[in-house]
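Read off the chains here:
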Amino acid sequence: GDPCTDNKAQAQSMDSLWYAHKYGLVDDDTYHLLWNQCNLRLPNLMTRGGMHNIIHAINKELETISNTFQRKHRAQQLYHEIVLNDNFQQIKHQHHDKDDKDSSSSSLKCTMAFRKFLLSTSSGLSQSWKDLYIDDYSLFAPVTSLEDQQMASYMSRPDVRKALHVEEAPTSTWPNANVGFDYLSEYDACNWNDPIILKGISMVDIYMEIVPKLQRTWIYNGDTDPCVSYEGTRQAVKQILIQELDGGSYRPWFYNQTATSIDVLATKAPLYGPNLLPHNMGPQFGGEVTDYHNGLKFVTFHGSGHMVPQFRPQAALHFLHKFLKGENLSPLLPFNDTLANMTDEEFQQANQQWTESAMNPPYVMMHSEKQPQQGRIPDTLNKAFPYSLNTN
């Protein structure tokens, strides 16, 4: 889910300037000046391994500098070089010529526009700025400086650990495990290693090999993830070169949004299920799905950021049940030729019938249906999900 798949396919969608303009955080004039005239590109930190990798790399160098003044100076340099992708320097070098008045003016315009961009976008959709006001993992989620602490406290609760079947897990800290967890990035996806060990080989190549051997492969993405945007993942899935099913085109899927107890709403972390409500809402829009041959699907989660089970727990559980049972998230559309040759009246009727079908059983599980019998979870936590997992 929300995966680093392929550097080239995801390059544009993981650019903070492009993403900020798409979601209305940058005005058209500023965007076009920066993108087309200043040639500014601002790949987000996930393209270089993520915030934790970058902090580790920066600290590793700073620890070798004993002089406090030199260490602060180098820290500022690294911030501009790595976090801001050295854009101030690029703008100055590309456009500034002390003997050319037009060049100097262009440099000033680019500098002004870049600063406007930082001012209007929570410092360029920063993952490290202490005053960030746009959540770095979910565009429309509430912002709190205690995100990790609150989630750590919630995930460490005995009833939550029991619900997740990790009561005996060896780690006692979160989010940074204390059991020596580490990994090495080798593929050409979200990788800033120089050189990349497997240059030119990305997860697209892996999918090409394994998808035909599996019963089903579902690749999903939150549609408000500022780190790994769904557009790039969707493009990467197309590059697997498996034919789309006739009728399997990009289309909505739904889930049954049920009431969450007041107890859970009062005690959960704010960034766990920010859309949970104390009301039964019935079928709700879950996202979009595209079906391909060989059991491949691309699925989006509407309103979710990077960690789908965290930001949309009810929709995520519905998705998981459908995946495990091998059931479709929504009915296939009419065949392409049928859609093209319908009259307007026929299409209007088909559109209504298809939507009503997608919002009802067997695609959406309603209260009256027999619930799946899988391991027990606490009653209070149970009410945060669309249907009970408790055995009868």
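Residues numbered from 1 in each chain as written. Predicted model: local features only at pLDDT ≥ 70, side-chain atom pairs only at ≥ 80, totals over all residues. Heavy atoms only, no water.

Draft legend 1. View of the overall build of the protein chain. The number of helices and strands found in the protein chain is 18 helices and four strands. In the protein chain, buried positions account for 45% of the 392 residues. Looking at the protein chain alone, contacts between residues at least 24 apart form 67% of all its contacts between residues at least 6 apart. (Helix = DSSP H or I, 4+ residues; strand = E, 2+ residues; numbered from the N terminus. Buried < 20%, exposed > 50% of the residue type's maximum accessible area, 1.4 Å probe, protein only. Contact = heavy atoms within 4.5 Å.)

Draft legend 2. Quick look at the packing of aromatic side chains. In total, this model carries 11 aromatic pairs according to the counting rule given. With a centroid separation of 5.6 Å and 25 degrees between ring planes, the pair formed by Tyr31 and Trp35 is classed as stacked. In this pair, Tyr31 and Trp35 both sit in helix α3 (residues 28-37), four residues apart, roughly one turn of the helix. Accessibility classification places Tyr31 together with Trp35 in one group, the buried group. Judged by centre distance (5.2 Å) and plane angle (65 degrees), the rings of Phe301 and Phe319 are edge-to-face. A residue pair is termed long-range when its members are at least 10 positions apart, and Phe301 in strand β4 (residues 296-301) and Phe319 in helix α15 (residues 313-325) qualify at 18 residues. Using a relative accessible area of 8% as the deciding quantity, one classes Phe319 as buried. (Phe/Tyr/Trp six-rings, centres within 6.5 Å; stacked < 30°, edge-to-face > 60°.)

Draft legend 3. Highlighting the state of the cysteines. By the definition in use, this model includes two disulfides. In this model, Cys4 is linked to Cys190 through a disulfide, with the two sulfur atoms separated by 2.1 Å. A torsion of -85 degrees about the S-S bond marks the disulfide between Cys4 and Cys190 as left-handed. Of this pair, Cys4 sits in the segment before α1 (7-10) while Cys190 sits in the loop between α10 (158-163) and α11 (203-210), and the two are 186 residues apart along the sequence. Note on Cys190: relative accessible area 5%, which makes it buried. Bridging Cys38 to Cys110, the disulfide has an S-S length of 2.0 Å. Judged by the sign of its S-S torsion, about -95 degrees, the bond between Cys38 and Cys110 is left-handed. Of the two residues, Cys38 is situated in the loop between α3 and α4 (51-62) and Cys110 in helix α7 (residues 101-120); the sequence distance between them amounts to 72 residues. Taking the relative accessible area as the measure of exposure, Cys38 reaches 1% and is therefore buried. For the protein chain, the bonded cysteines connect in the pattern 1-4, 2-3 when numbered consecutively along the sequence. Cys4 supplies the cysteine sulfur nearest to Cys227, a cysteine that is in no disulfide, at a spacing of 9.1 Å. (Disulfide = S-S within 2.5 Å.)

Draft legend 4. Fine view of the sheet that holds strand β1 (residues 217-222). An order of β1-β4-β3-β2 is seen for the four strands of this open sheet, with the pairing classed as mixed. Only two strands of the sheet have a single partner each, and these edge strands are β1 and β2 (251-257). Strand-to-strand, the axes of this sheet are offset by a mean angle of 30 degrees, without reference to chain direction. Alignment of strand β3 (residues 282-291) against β4, held across three bridges, turns out to be antiparallel. By the bridge assignment for β4, Thr290 is matched with Phe298. (Pairing = 2+ DSSP bridges. Axes fitted to C-alpha atoms, helices over the stretch in contact; angles between N-to-C directions.)

Draft legend 5. Quick look at the pattern of salt bridges. The tally for this structure, following the rule as stated, stands at eight salt bridges. Two residues, Lys130 and Asp131, come together in a salt bridge whose shortest N-O distance is 3.3 Å. Judged by relative accessible area, Lys130 falls into the exposed class, the value being 71%. Where Asp291 meets Lys297, a salt bridge forms, and the shortest distance between an N and an O atom there is 2.2 Å. For Asp291, a relative accessible area of 4% puts it in the buried group. (Salt bridge = Lys/Arg side-chain N within 4 Å of Asp/Glu carboxyl O.)

Draft legend 6. Region of the structure containing the nonpolar core. Ranked by internal contacts, the top residues of the largest apolar core, which has 20 residues, are Leu17, Tyr31, Leu34, Phe114, Phe117 and Leu125. Those elements giving two or more residues to this core turn out to be α2 (16-22), α3 and α7. Dropping the residues within four chain positions of it, Leu17 is found in contact with Tyr31, Leu34, Trp35, Leu40, Leu42 and Phe117. Among the nonpolar cores identified, the runner-up in size contains 13 residues, and Val204, Tyr230, Ile240 and Tyr292 belong to it. (Core = buried A, V, L, I, M, F, W, Y, C linked by side-chain atoms within 4.5 Å.)

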